[in-house]
Amino acid sequence: MANKRILKKDINYVLGDIIEAVYVWEYANSDKDTKGSEEIIDEAIATFDELIAKVNDRSVEDKKAHFKAINQELEAKGLALIEKINKLG
């Protein structure tokens with residue numbers, strides 16, 4: 001991971017794209033209940049807040065390992081959210 005700025009952008013882009021995908025699903029499936037999709041959006045926002053707080057944590061000794069762990073967590077949580085989107089329809 002190059003630096004904090006790039007990691008923050010990655011978090012923003014990944015979770016923003018997931019939220020956008022949920023909105024597209026809601027638009028395409030306007031006749032279906034949106035409770036599940038709203039929960040995915042809420043979870044994505046909570047994940048964003050959690051990961052940004054971890055990125056901004058200044059008490060970390062080994063920043064490279066810390067940022068790598070955050071990047072892996074972003075991947076795992078992003079994939080989980082995508083799986084939830086795929087199960088909606």
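Located above this text is the structure these notes cover.
These numbers were taken from a predicted model, which means no experiment stands behind them.

Peer 1: Would you mind showing me how to read the overall build of the chain here?
Peer 2: In terms of regular secondary structure, the chain is built from three helices and zero strands. Scanning the chain from its N terminus toward the C terminus, one meets helices and strands in the order α-α-α. Counting only C-alpha atoms and orienting by the principal axes, one finds that the chain spans roughly 50 × 20 × 15 Å. Counting only residues that meet the buried cut, the chain has 29% of its 89 residues in that class. Considering only intrachain contacts with a sequence separation of at least 6, the fraction spanning at least 24 residues in the chain is 67%. Just so you have it, the chain exposes about 6,000 Å², and 53% of that area is on carbon and sulfur atoms. Treating the 14 positive side-chain charges of the chain as one cloud and the 18 negative ones as another, the clouds have centres 8 Å apart.

Peer 1: Is there a simple way to think about the packing of helix H1 (residues 4-28) against helix H3 (residues 63-88) in this case?
Peer 2: How two helices sit against one another is set out by the angle between their axes and by the gap between those axes. Where H1 meets H3, the closest approach of the two axes is 10 Å, and the angle between their N-to-C directions is 5°. On the basis of the axis angle, H1 is roughly parallel to H3. Counted together, Lys 4, Leu 7, Asp 10, Ile 11, Val 14, Leu 15, Ile 18, Ala 21, Val 22 and Trp 25 of H1 and Phe 67, Ile 70, Asn 71, Leu 74, Gly 78, Leu 81, Ile 82, Ile 85 and Leu 88 of H3 form the full contact between these two elements. Grouping the amino acids of the contact of H1 with H3 by side-chain chemistry returns 15 nonpolar, two polar and two charged.

Quick notes on the rules
- Residues numbered from 1 in each chain as written.
- Predicted model: local features only at pLDDT ≥ 70, side-chain atom pairs only at ≥ 80, totals over all residues.
- Heavy atoms only, no water.
- Helix = DSSP H or I, 4+ residues; strand = E, 2+ residues; numbered from the N terminus.
- Buried < 20%, exposed > 50% of the residue type's maximum accessible area, 1.4 Å probe, protein only.
- Contact = heavy atoms within 4.5 Å.
- Areas by Shrake-Rupley, 256 points an atom, 1.4 Å probe, with all protein chains shown as cover.
- Lys, Arg positive; Asp, Glu negative; His and termini not counted.
- Charge placed at Lys NZ, Arg CZ, Asp CG, Glu CD.
- Axes fitted to C-alpha atoms, helices over the stretch in contact; angles between N-to-C directions.
- Parallel < 35°, antiparallel > 145°, perpendicular 65-115°, else oblique.
- Nonpolar A, V, L, I, M, F, W, Y, C, P; charged D, E, K, R; others polar.

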